[in-house]
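# Report on the structure
Here is what each chain is made of, one letter per residue.
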Amino acid sequence: MHLLKCSLFIAILLNSAFHSLLVNSVQCRGTPTSILLTQRWAKTECKASNLIDNPACKLEQWTLHGLWPDNVKVIDPVPLPEDFFNTFKGYEDIMMKEWTFLGIADQNTYITETTTFWKHEWTKHGYCAKDFIGSEDPKIYFQKALRLYRRANLLSILADNNVTPDDNATYKTYQIREAFIVIEPFVSPIVNCRKVGNKYYLSEIIICLKKNLEPVNCGTGDTNVCPEGAEFTYPRT
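Residues numbered from 1 in each chain as written. Predicted model: local features only at pLDDT ≥ 70, side-chain atom pairs only at ≥ 80, totals over all residues. Heavy atoms only, no water.

Let us look at the state of the cysteines. This model, assessed by the stated rule, comprises four disulfides. Between the sulfur atoms of Cys28 and its disulfide partner Cys128 the distance amounts to 2.0 Å. An S-S torsion of about -95° defines the bridge between Cys28 and Cys128 as left-handed. Within this pair, whereas Cys28 is found in strand E1 (residues 27-29), its partner Cys128 is found in the loop between helix H5 (110-126) and helix H6 (130-133), the two being separated by 100 residues in sequence. (Disulfide = S-S within 2.5 Å. Helix = DSSP H or I, 4+ residues; strand = E, 2+ residues; numbered from the N terminus.)

Now the structure itself:
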């Protein structure tokens, strides 16, 4: 019995030491100026025909894509601990409703694919968010991202400016930005579109946050930004 206890103690020490080596090898190359709270509209993502079986395509809400520090590249990322999903209470419900995988999946593979997606979000973005969330703990990263997502209720913010899901209506980028006048101080988000056929669809809204996690104006956006002046649909189906 004494030998068994010693063996277990040594194993725990080795595992802890190995994890410390992994963490100490991580590098965040670059200097982030803001962190991007990125949400996407499931109905637009699901315009892709190969996603028709994904359970998330039934959602009529904005879902969290990620919380990403800008201008940073992660070198030698540390993976999520093996027991992470055993200790994250209610993660399956969160995955089904809030932080969802919008890729190829069906009812049988959805949770597995979403856990892989969460692992990717941590290794690519999570560790280097530490200067914004004040921790290197992955659980705190995911909890903080979810808290920010729930605070920024895009469905409500847009609806208050008469921007609602409607297959027959079209909008322009300025109408999305005007909805954010309610945020003090006024901030300008990044508004992304997806082109399907010859039509543009509202796909993603990115709110930029500074170190105290208060909103700040975003930069020029990325390659998916809605063309200035173009009309796009905010689809209901």
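This structure, assessed with the given rule, holds 17 aromatic pairs. Ring plane angle 85° and centroid distance 5.1 Å describe the contact between Phe84 and Phe85, whose orientation is recorded as edge-to-face. Comparing Phe84 with Phe85, the two get one shared label, buried. Between Trp99 and Tyr141, the ring centres sit 6.3 Å apart and the planes meet at 55°, which makes this aromatic pair tilted. Placement of the pair is Trp99 in the loop between helix H4 (91-97) and H5 and Tyr141 in helix H7 (residues 138-151), with a sequence separation of 42 residues. (Phe/Tyr/Trp six-rings, centres within 6.5 Å; stacked < 30°, edge-to-face > 60°. Buried < 20%, exposed > 50% of the residue type's maximum accessible area, 1.4 Å probe, protein only.)

Bringing the nonpolar core into the picture now. Counting 63 residues, the largest nonpolar core has Trp99, Trp118, Phe142, Ile176 and Phe180 as its most contacted members. With six residues, H7 is the largest single contributor of residues to this core. Residue contacts for Trp99: discarding those within four places in its chain leaves Leu64, His65, Gly66, Ile94, Thr114, Phe117, Trp118, Glu121, Tyr141, Phe142, Ala145 and Leu146. One finds Trp68, Ile190, Ile206 and Cys208 within the second-largest nonpolar core, a separate group that totals six residues. (Core = buried A, V, L, I, M, F, W, Y, C linked by side-chain atoms within 4.5 Å. Contact = heavy atoms within 4.5 Å.)

Glancing now at the packing of H5 against H7. The contact between H5 and H7 brings their axes to 11 Å, and the two run at 100°. Overall, the two elements H5 and H7 adopt an arrangement that is roughly perpendicular. Contact residues: Trp118, Glu121, Trp122, His125 and Gly126 in H5; Pro138, Tyr141 and Phe142 in H7. Of the residues that constitute the contact of H5 with H7, the class distribution is five nonpolar, two polar and one charged. (Axes fitted to C-alpha atoms, helices over the stretch in contact; angles between N-to-C directions. Parallel < 35°, antiparallel > 145°, perpendicular 65-115°, else oblique. Nonpolar A, V, L, I, M, F, W, Y, C, P; charged D, E, K, R; others polar.)

Along H5, the residues that are buried comprise Tyr110, Thr114, Thr115, Phe117, Trp118, Glu121, Trp122, His125 and Gly126. Along H5, the residues classed as buried sweep out an arc of 160° about the axis, all on the same side. Of the surrounding elements, those touching the buried residues of H5 are strand E2 (35-41), strand E3 (62-69), helix H3 (84-87), H4, H6 and H7. (Arc of directions from axis to C-beta.)

This part takes up the pairing of strand E7 (residues 199-209). Across the eleven residues of E7, nine count as buried, placing the element largely inside the fold. Relative to E7, strand E6 (residues 190-196) runs antiparallel, the two sharing seven bridges. Paired with Cys193 across the strands is Leu202, a residue of E7. The antiparallel hairpin formed by E6 and E7 contains two residues in its connecting segment, where Gly197 sits at a positive phi of about 65°. Across two bridges, E7 lies against strand E8 (residues 215-216) in antiparallel orientation. Considered in E8, the bridge of Leu209 is made with Pro215. (Pairing = 2+ DSSP bridges.)

Tracing the chain through its elements places Asn50 in the loop between helix H2 (42-45) and E3. Residue class for Asn50 comes out partly exposed when judged on its relative accessible area of 45%.

On average, residues of the protein score 87 in pLDDT, and 87% of them reach the 70 mark or higher. Within the protein, strand E9 (residues 232-234) carries the highest mean pLDDT (98), whereas helix H1 (residues 2-25) carries the lowest (42). For the stretch residues 2-23, pLDDT sits under 50, and the model shows six contacts to residues farther than four places along the chain or on other chains. (pLDDT = per-residue confidence, 0-100.)

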